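Per-entry structural report
Listed below are the residues making up each chain.
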Amino acid sequence: MSNDAPLSGSALTITAAGYTAEIASVGATLRALRYEGRDLVVPFDADEVRPAFRGAVLAPWPNRVVDGRYSFGGVEHELALTEPRRQHALHGLVAWTDFRIVAHEPDRAVLGTTVPAQVGYPFRVEVLVEYRVDAAGFHTTITGTNTGADAAPWGTGPHPYLVGGEGRVDDWTLTLPAAQVLEVTEDRLIPTGLAPVHDEFDLRTATRIGPRFIDHAYTGFDRDADGIATVVLTAADGHGVRASFGPECPWAQVHTADHVIPEYHRAGLAVEPMTCAPDAFNAGAEAGLVVLEPGASHVASWTIDAV
């Protein structure tokens, strides 16, 4: 990135079929996504430090590693605590990395980086992010390839804040076809166990979000014949946005974006397809943790499109 690049990194734009996506190289971030001029995600300015994780790529883990500690291959590891208030390691190691531009075409961009072996994560993984737009929407594919000599724990996901339309989260209607929710402690969001969706967490039919607070991971999705799960967010006029993801993402974190900064507060709904559950580095395979053997790759994809 040159010294005169915007604060969010080198800027790339891709367009097709009414969709325009603006990508920032820091964090391989989706900075803006519009369909025929309508925002589908909460945007931010190119010459602005990205607000928290808005639109960033999360790898080699999404969500939290509790206390920043985990055991892998019989070895104890301790990560830097990047969520100071809750004392966890949050959202991986590449969200503030300036990705290199691998390819840039009118309707496609590819960015890449390497997670270097380091204290707490002594593994080397190449991360390749492909963004593409077409008549079916905005598509993301993330490939993680283990270029080191030892097996590595791996997980990934995005962090978009979807926009249903006019208004804020409270005004929108959500359809979230998931049968289970991961319950967490109130103070530190530490997972305590899976439960059937209940009360305010049951959003399997179209439901106005209203004042409810959500910052939880869901699983057990209804999927179509191709294994695709679809989350739908709409405004009063019936227009809105969809997020769709395949079986490689058995989880999705949903957050109503409650924030102390007024302009951020409930401005968009975070819908984050994930290859694994929160704290999967500790919960292991049953939580979807991927073990990348040397030379092996893992691919995950999702799509955002207009309703």
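Use the structure listed above.
Below, the structure is looked at part by part. (Residues numbered from 1 in each chain as written. Predicted model: local features only at pLDDT ≥ 70, side-chain atom pairs only at ≥ 80, totals over all residues. Heavy atoms only, no water.)

Let us now look at the pattern of salt bridges. By the definition in use, this model includes 15 salt bridges. When the shortest N-O distance is used, the salt bridge between Arg34 and Glu22 registers 3.4 Å. Note that Arg34 is positioned in strand 3 (residues 29–35) and Glu22 in strand 2 (residues 19–24), a separation of twelve residues in sequence. Residue classification places Arg34 among the partly exposed positions, given a relative accessible area of 27%. We note a salt bridge from Asp202 to Arg204, for which the minimum N-O separation is 2.9 Å. (Salt bridge = Lys/Arg side-chain N within 4 Å of Asp/Glu carboxyl O. Helix = DSSP H or I, 4+ residues; strand = E, 2+ residues; numbered from the N terminus. Buried < 20%, exposed > 50% of the residue type's maximum accessible area, 1.4 Å probe, protein only.)

Our next topic: the pairing of strand 22 (residues 229–234). Taken together, the three bridges between strand 17 (residues 173–175) and strand 22 define a ladder with antiparallel strand orientation. Its bridge partner being in strand 22, Thr175 is matched across the sheet by Val232. Relative to strand 23 (residues 240–245), strand 22 is paired through six bridges, and the arrangement is antiparallel. Of the residues in strand 23, the one forming a bridge with Thr230 is Ser244. (Pairing = 2+ DSSP bridges.)

So, about the packing of aromatic side chains. Summed over all chains, the structure comprises eight aromatic pairs. Each ring, one from Phe72 and one from Phe123, has its centre 5.6 Å from the other, and the planes form 85 degrees; the classification is edge-to-face. Here Phe123 lies in the loop between strand 11 (108–115) and strand 12 (125–134) and Phe72 lies in strand 7 (residues 69–72), a separation of 51 residues in the sequence. A connected cluster of aromatic rings, assembled from ring pairs, spans Trp61, Tyr70, Phe72, Tyr121, Phe123 and Phe281. Its guanidinium or amino end placed over the ring of Trp96, Arg50 lies 3.9 Å from that ring's centre, counting from NZ or CZ. (Phe/Tyr/Trp six-rings, centres within 6.5 Å; stacked < 30°, edge-to-face > 60°. Lys NZ or Arg CZ within 6 Å of the ring centre and 35° of its normal.)

For the rest of this paragraph, the subject is the sheet that holds strand 1 (residues 11–16). On the basis of which strands lie adjacent, the open sheet formed by four strands has the order 1-2-3-4 and antiparallel pairing. Two strands close off the open sheet at either side, each with one partner strand: strand 1 and strand 4 (38–39). Alignment of strand 3 against strand 4, held across two bridges, turns out to be antiparallel. Within strand 4, the residue paired with Tyr35 across the bridge is Arg38.

Residues Tyr121, Tyr131, Phe138, Tyr218 and Phe221 are the most contacted members of the largest nonpolar core, which totals 81 residues. When sequence neighbours within four positions are dropped, the list of residues in contact with Tyr218 reads Leu176, Ala178, Gln180, Val181, Val197, Phe201, Leu203, Pro250, Trp251, Ala252 and Val254. Listed in part, the five residues of the second largest apolar core include Phe53, Leu58, Leu90 and Ala95. (Core = buried A, V, L, I, M, F, W, Y, C linked by side-chain atoms within 4.5 Å. Contact = heavy atoms within 4.5 Å.)

The tally for this structure, following the rule as stated, stands at zero disulfides. Here Cys276 is not disulfide-linked; the sulfur of Cys249 is the nearest cysteine sulfur, at 9.3 Å. (Disulfide = S-S within 2.5 Å.)

Structurally, the position occupied by Thr113 is in strand 11. Every residue in contact with Thr113, bar those within four places of it in the chain, is listed here: Val94, Thr97, Phe99, Arg100, Val125, Glu126 and Val127.

The next point concerns the side chain of Thr140. Topologically, Thr140 is positioned in strand 13 (residues 137–146). Filtering out sequence-adjacent residues up to four positions away, Thr140 remains in contact with Val129, Glu130, Tyr131, Ala300, Ser301 and Trp302.

The next subject is the environment of Gln180. Looking at the secondary structure, you find Gln180 in strand 18 (residues 178–184). A sequence separation of 21 residues divides Gln180 from Phe201, and the C-alpha atoms of the two residues are 8.9 Å apart. When sequence neighbours within four positions are dropped, the list of residues in contact with Gln180 reads Leu194, Ala195, Pro196, Val197, Ala217, Tyr218, Thr219 and Gly220.

Further remarks concern a nonpolar patch on the surface. Together, Leu7, Val49 and Trp96 make up a nonpolar patch on the protein surface, roughly 340 Å² of accessible area in all. Counting through the fold element by element, Leu7 comes out in the segment before strand 1. (Patch = residues over 30% accessible without salt bridge, like charges linked within 9 Å, V, L, I, M, F, W, Y side chains within 5 Å. Areas by Shrake-Rupley, 256 points an atom, 1.4 Å probe, with all protein chains shown as cover.)

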